[in-house]
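Close look at the chain arrangement
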Amino acid sequence: YRISSAYPNPFNPSTSFNIDLDNESFVSIKAYNIIGQLVAEVFSGNLNGVGNQITWDASSVSSGIYFVKVQVNNHLESQKVLLVK
């Protein structure tokens, strides 16, 4: 699998990720604030193939640094993103 960096970053009010998968996989994307509180469940479900674009609309949260954790099956990856309003 391959997960792109969040684009744009910094962002306002939304940022996107592209996820390419070799086969059908469970994908979970969650956003956490700087103190580790879950602020959004961006996506949870099965995806398949190349070019899956997931967008986080963060218009309901305040400006700041967030960590987006992407889980593909049992693999976990995180990215730091900056929301500037």
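Presented here is an overview of the structure given in this document. (Residues numbered from 1 in each chain as written. Predicted model: local features only at pLDDT ≥ 70, side-chain atom pairs only at ≥ 80, totals over all residues. Heavy atoms only, no water.)

Two side chains of opposite charge can pair, provided their charged atoms sit close to one another. Here the structure, examined in full by the defined rule, presents 1 salt bridge. A salt bridge links Asp20 to Arg2; the nearest nitrogen and oxygen atoms lie 3.9 Å apart. Of this pair, Asp20 sits in strand β2 (residues 14–20) while Arg2 sits in strand β1 (residues 2–3), and the two are 18 residues apart along the sequence. Look at Arg2 and you get partly exposed, because its relative accessible area is 46%. (Salt bridge = Lys/Arg side-chain N within 4 Å of Asp/Glu carboxyl O. Helix = DSSP H or I, 4+ residues; strand = E, 2+ residues; numbered from the N terminus. Buried < 20%, exposed > 50% of the residue type's maximum accessible area, 1.4 Å probe, protein only.)

With that settled, the discussion passes to the sheet that holds strand β4 (residues 38–47). Spatial strand order, β4-β3-β6-β7: 4 strands in an open sheet with antiparallel pairing. Strands at the two margins of the open sheet, each flanked by one partner only, are β4 and β7 (75–83). Across this sheet, the average inter-strand angle for adjacent strands is 15 degrees, counted without regard to direction. Where strand β3 (residues 25–33) meets β4, 8 bridges bridge the pair, whose relative direction is antiparallel. Its bridge partner lying in β4, Ser25 is registered against Leu47. (Pairing = 2+ DSSP bridges. Axes fitted to C-alpha atoms, helices over the stretch in contact; angles between N-to-C directions.)

Purely geometric stuff here, so don't read any function into it on its own.
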